[in-house]
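Each chain is listed here by its residues.
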Amino acid sequence: MQLRLSSRLIIGVSLIVGLMLSLFIWNSAKLTLNSQKEQLKQYIDDQMDILSIALEPGLAKNDQALLDEIIQRLKNNPNIIYAVIYDNQQNVKAAFSLENHPYSHSYDSKTILNKDAVDLTLPITQNNTPLGEVHLGYSLKSLIKKTRTTKIINFAIALAGLLVTMLLTALLSFYITRGLRWLEAGARALGENDLQFRIPLDSRDEIGNVARSFNALAEHLQQASKKLKSEHSILESEKQRMETLLNSVNAVVLEIDPASKDFLFVSQEAKKLLGYPCEQWLTPGFWEKHLHPNDLDWVVNTINEQLTETGDFSLDYRLRHHNGDYIWIRSIHTLGYDDDQQLHYRGLFLDITQEKKSEQRILYLANHDALTGLYNRNHFQEELTHQINYAIRFKLEGALLFIDLDQFKYINDTLGHQSGDKCLIIAAQTLQSSLREVDFIGRLGGDEFAIILPRTNENGALKVAQNLLQNLSEQPLFPDQLSITLNASIGITLFPTHGATPSELLARADAAMYTAKRNGRNQAHVYSDDDKELLNMQTKIHWESRIRHALENDLFVLHYQPIIDLRTNRITHYEALLRMQDEDGELIYPSDFLEIAERFGLISDIDRWVLNKSIQVQGKTQRSREPVTLAVNLSGRHFGNSEFVQLVKDALEKYNADPHALIFEVTETAAVENFAQAKNFIESLRNLGCRFALDDFGMGYSSFQYLKNLPVDMVKIDGTFVRNLHQNHDDRVIVKAMCELARGMHISTVAEFVENEEIRMLLQEFGIDYGQGFHIAHPTAGFIQQALTG
């Protein structure tokens, strides 16, 4: 810009000089014109004096010839248009005229240039005596022509001078500003980021020095630009890598303004987290607007407290998704100062919605029954403790109802596990819908439920119990299959009258419930000190202690019952049967303690003992002359339990037992209830070399349907079909059909409860493979001892 101004200044000064020169020439021309006017005036004045002298004698003497001669001479003058000579009487003495010219002007030098001609009147006197006068018309055309010519010449000279001046000025300006223009072009190139431009000047003046400095600067900038481009390319690649890394992280990477709590940056994962574009996250107030109302105050206050010091912190709270739902996020942040002491607030947002749902589910399951959704035993006992203490403190009365479904085992065994679950769910829904909001219901386990009735006396509790029984009985379980209704027995205790602790109240309510069952089922009974069932409950508690003692002191033993080949009467294998010894060495049969073991959660420990002992015994017989094959009963609760399969592997290896000499027996009901798990479990053990038998075959409705899909080696026909085989025609038809079915599927058959020779003969006739029962041999520990010592 400065260069352009300098150039324009030089041109402007040159133009002013040219104009001044032109004005000088013009003024000179004007002075020349004025000089011509003065000369013309002087010439006319001189001519008029001469004419006056020439006409004086002619007028004085009235010499006409002389006057005519003078007129003729005037006529020859090209500048004279007309001439008229008057005597003193105004008589025309002589005259001529070249053209019409009005006689209206007197001689006046001021008007010479204003007309093409001028009228002149010259008085003629002699010694101051007027003789006459002469009138002349003098033409100014030649003067005007000369004047115009002079003007044109002067104008041409002025214009030529101006043009020459401008040309010289332009040439001078071009030369003088040449360096400046190169500097201007260089500046413009720098402005356009053209760093390759160089000024081609190498003079030794100031402009040359500036040009060399410019070229050095351009070279430096060009090299710096190349370096910056290289560094920018590296930074851009690093940026892309970082963006790829940030966007691949399953979390929102963010930076927040500590003062406003607005987002300064969020990674692309932000769009996935809440469904909003990243740009919308950066709008003022976005974070607080999407906080859950219940979280807003405490989260903001906590963050404000954290902003007072540097370090890391994390918070779990809820943000609103674009679809309106709230999701749980874990906000992990770091607070720190940079070199300029500016506080930076950066961190991550993690979606922990599923984690929170899992936590809530865990918390829910910690207090609730997974099947029915009711409160579980632990939480129910906590609530019962609270209600008892409340009743004692305010001298109130409450009731506890202990409910046990009648014939549930029958439904579960005959219709299967799924039907049993349906029965429990319907019972839970019916019971819960029949209660007040203040009442509290829970499932204690199995088919047992309990209800707390706050501020309820005995009569009120009985009314509630009767209403529950009525509602249960009105619920059809399987309307499309069987006419089975729900019935229950209810035991009632009052608190704190019948007890001040949950265990005491539950034990007495349980005793009252068993009294209701003993009295005919489907009824309610209020606890009384005379109830015999209390003794039964105390007995069960005593049995729990005895079972634990037996497990801790190895008081369980195995007895072995032979199973023979009915065609050869030879023993093929033994079934291991559990017995428990008391302090005196007396044997206690499973029917006396297994139910209690189930009730108190000890059955799994017993199963592991039986398995370990059986494999240990089989391993010992492997080193004798007559290795034996053992059949071991397994509970269906182990289906799907990989730990149990591993336990079998470990025991086989530990005792060097033969897996082919082990036959695991599972009940048909347990296998059908958990069909998929049972199938996988059986296949896992068969892969080890073990065999499987389906026990109590024929008791379920699905025997024939599932038999073809279960990988078993033999079936044990339930004793209910065998013990009266010699007396009952229907039993014979069923057993024979079972035998033919199994034979057709290449599955061996075993008959239990062979009580006499007649039954044995019928079984042999039907083609049953193996037999087991008291007629063949009673179980005893001696058979294996003989094998080991033999």
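Here, the structure is the one placed above.
Described below are features of the structure shown in this document. (Residues numbered from 1 in each chain as written. Predicted model: local features only at pLDDT ≥ 70, side-chain atom pairs only at ≥ 80, totals over all residues. Heavy atoms only, no water.)

1. Considering the packing of aromatic side chains
Summed over the entire model, instances satisfying the criterion amount to 17 aromatic pairs. Considering the side-chain rings of Trp 281 and Phe 349, the 6.4 Å spacing of their centres and the 50 degrees angle between planes classify their relative orientation as tilted. Here Phe 349 lies in strand S9 (residues 343-351) and Trp 281 lies in helix H7 (residues 278-281), a separation of 68 residues in the sequence. For the pair shown, Trp 281 and Phe 349 are each scored as buried. Centroid distance Tyr 390 to Phe 394: 4.7 Å. Interplanar angle 45 degrees. Geometry classified as tilted. With relative accessibility at 41%, the residue Phe 394 sits in the partly exposed group. Through pairs of rings, three or more aromatic residues link up here, namely Phe 263, Tyr 276, Trp 281, Phe 286, Trp 287, Tyr 317 and Phe 349. In this structure, Lys 356 is placed above the aromatic ring of Trp 328, and the distance from its NZ or CZ to the ring centre is 4.8 Å. Geometry around Phe 753 places Arg 723 over its ring, the cationic atom sitting 4.5 Å from the centre. (Phe/Tyr/Trp six-rings, centres within 6.5 Å; stacked < 30°, edge-to-face > 60°. Helix = DSSP H or I, 4+ residues; strand = E, 2+ residues; numbered from the N terminus. Buried < 20%, exposed > 50% of the residue type's maximum accessible area, 1.4 Å probe, protein only. Lys NZ or Arg CZ within 6 Å of the ring centre and 35° of its normal.)

2. Considering the nonpolar core
Phe 664 and Leu 763 are the most contacted members of the largest nonpolar core, which has 67 residues in total. When residues of this core are assigned to their parent elements, the largest contribution, seven residues, is made by helix H18 (residues 603-622). When sequence neighbours within four positions are dropped, the list of residues in contact with Leu 763 reads Leu 566, Val 722, Leu 725, Val 735, Ala 751, Val 754 and Ile 768. Formed by 32 residues, the second largest nonpolar core is a distinct cluster that contains Leu 401, Ile 411, Ile 441 and Ile 451. (Core = buried A, V, L, I, M, F, W, Y, C linked by side-chain atoms within 4.5 Å. Contact = heavy atoms within 4.5 Å.)

3. Digging into the pairing of strand S17 (residues 556-565)
Of all 10 residues that make up S17, nine are buried, and the element is covered over most of its length. In this sheet, strand S18 (residues 570-581) lies alongside S17 in antiparallel orientation, the contact comprising 10 bridges. Residue pairing in the sheet places Gln 561 in a bridge with Glu 575 of S18. Joining the antiparallel neighbours S17 and S18 is a turn of four residues, in which Asn 569 adopts a positive phi near 65 degrees. Examined bridge by bridge, S17 and strand S25 (residues 770-771) share two bridges and lie antiparallel to one another. Across the sheet, Asp 565 pairs through a bridge with Tyr 770, a residue of S25. (Pairing = 2+ DSSP bridges.)

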